[in-house]
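Okay, here's what each chain looks like letter by letter:
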Amino acid sequence: MTTFTLDSASPSISAASTPAYRYSSSDEEDDDISTLPYPAELSRTAFLAPDFSPGTYLSTLRNRHQTLEDLRADLRQRSQLLNRELLDLVNGNYEEFLSLGVDLRGGEEKVEGVRVGVLGFEREVRAVKASVQERAGEARELVRERKEVRRDVMFGRALLDVGEKVEDLERALRVGQGGEDSFEDEEDEEEDEEDEDADETSPGIPLNRLRRHADSYLLISRMIEKLEPDHPFLVAQRAKLLDLKKTLLLDLAAALRSAKQSKSEAVLGLVRIYSDLDAQAESCRVLKGP
């Protein structure tokens, strides 16, 4: 049977060979807070800011190597120092403080004079303002009157235009002339002859002239409706328009009978004129007649 034995010559491990941790002097210095740099004195200008906030100011002191108690002591010392400086300032200028009230005496008269001057200036400003407002009102009234006058002028011109067009149509239709010949009648006859010559499809039928007269009648009617139909002048013109329409329908009836007998193509044109004049029934009566 085989046996295992340890060699007595093999080295043995002793407790003395275990390494030991030693504290150096540098470690002791690191733990000593007295070796830290002393914080600088609190800046006085930081308290003079217009928007000074205690909370914001304290948040900027987080990097100071200082305990809260030391910070309180510094602030308390700073407050005492400021109170002492204020007291020294008052004591040093005590005579000036006492004479301040004496120097202010007699200023009531000056203040009263300034107040009276300001009140007078205020009254003058009010008077000028009232005058300006009055002139502005007058200017607005004049502008309004000017607009009314311009509107009346435009309305008067429109009335004259209607009257001239009615007279022209009366002259063209020979209404109220009593059968007297004139130079204008000769011109109308020449225009009628030119219209007949221009319309080769319906010789002897003044289709173009009747169309022109109908257009003039419709234009005058629209102008009257656009203006004030109840105006006395326009009421008189509307009475004339009735006579003009009757005369125009008589001319259309004569032309339609002539075109019907000659079987002219002008019948359609004449019927269209009747339709524009809102007289379709009259055209049917003429066509059905002998």
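Since we're looking at a predicted model, the values are computed, not measured.

On to the nonpolar core, then. By size, the foremost hydrophobic cluster in this structure holds 35 residues, and its most contacted members are Val-162, Leu-248, Leu-252, Leu-270, Tyr-274 and Leu-277. Broken down by secondary-structure element, the contributors of at least two residues to this core are helix H5 (107–173), helix H7 (207–226), helix H8 (232–261) and helix H9 (266–276). In terms of residue count, H8 provides more of this core than any other element does, ten residues in total. When sequence neighbours within four positions are dropped, the list of residues in contact with Leu-252 reads Leu-210, Leu-270, Ile-273, Tyr-274 and Leu-277.

As a further point, take the UniProt feature "coiled-coil region" (unreviewed entry) in the protein chain. In the UniProt entry, the feature "coiled-coil region" (unreviewed entry) is given for residues 58–85. Its end C-alpha atoms 24 Å apart, residues 58–85 is made of 71% helix and 0% strand.

Further remarks concern the pattern of salt bridges. By the definition in use, this model includes ten salt bridges. Within this structure, Glu-141, Arg-144 and Glu-148 form a network of salt bridges that share partners.

Attention now moves to H9. When H9 is considered as a whole, its buried residues turn out to be Ala-266, Val-267, Gly-269, Leu-270, Ile-273 and Tyr-274. The buried residues of H9 occupy one face: seen down the axis, they fall within an arc of 165°. Residues of H9 that are exposed and point more than 90 degrees away from the buried face comprise Leu-268 and Arg-272. Of the surrounding secondary structure, the elements contacted by the buried residues of H9 are H7, H8 and helix H10 (280–288). Once H9 finishes, Asp-278 follows within two positions and takes phi at roughly 60°, a positive value.

Time to look at unusual backbone geometry. Excluding glycine, residues mostly have negative phi values, and the peptide bonds linking residues are mostly trans. Phi angles above zero are rare outside glycine, and Asp-278 is one such case at about 60°. As for its position among the elements, Asp-278 is in the loop between H9 and H10. The class of Asp-278 is exposed, set by a relative accessible area of 62%.

As a packed pair, H8 and H10 sit with axes 10 Å apart at the nearest point and diverge in direction by 40°. One finds that H8 runs oblique with respect to H10. Note that H8 runs across H10; the crossing there is right-handed. Touching Ala-253, Leu-256, Arg-257 and Lys-260 of H8 are Ser-283, Val-286, Leu-287 and Lys-288, all from H10.

Rules used in this analysis
Residues numbered from 1 in each chain as written. Predicted model: local features only at pLDDT ≥ 70, side-chain atom pairs only at ≥ 80, totals over all residues. Heavy atoms only, no water. Core = buried A, V, L, I, M, F, W, Y, C linked by side-chain atoms within 4.5 Å. Buried < 20%, exposed > 50% of the residue type's maximum accessible area, 1.4 Å probe, protein only. Helix = DSSP H or I, 4+ residues; strand = E, 2+ residues; numbered from the N terminus. Contact = heavy atoms within 4.5 Å. UniProt positions renumbered as here; feature names shortened; annotations may be inferred. Salt bridge = Lys/Arg side-chain N within 4 Å of Asp/Glu carboxyl O. Arc of directions from axis to C-beta. Axes fitted to C-alpha atoms, helices over the stretch in contact; angles between N-to-C directions. Parallel < 35°, antiparallel > 145°, perpendicular 65-115°, else oblique. Left-handed = near helix turned anticlockwise from the far one by under 90°.

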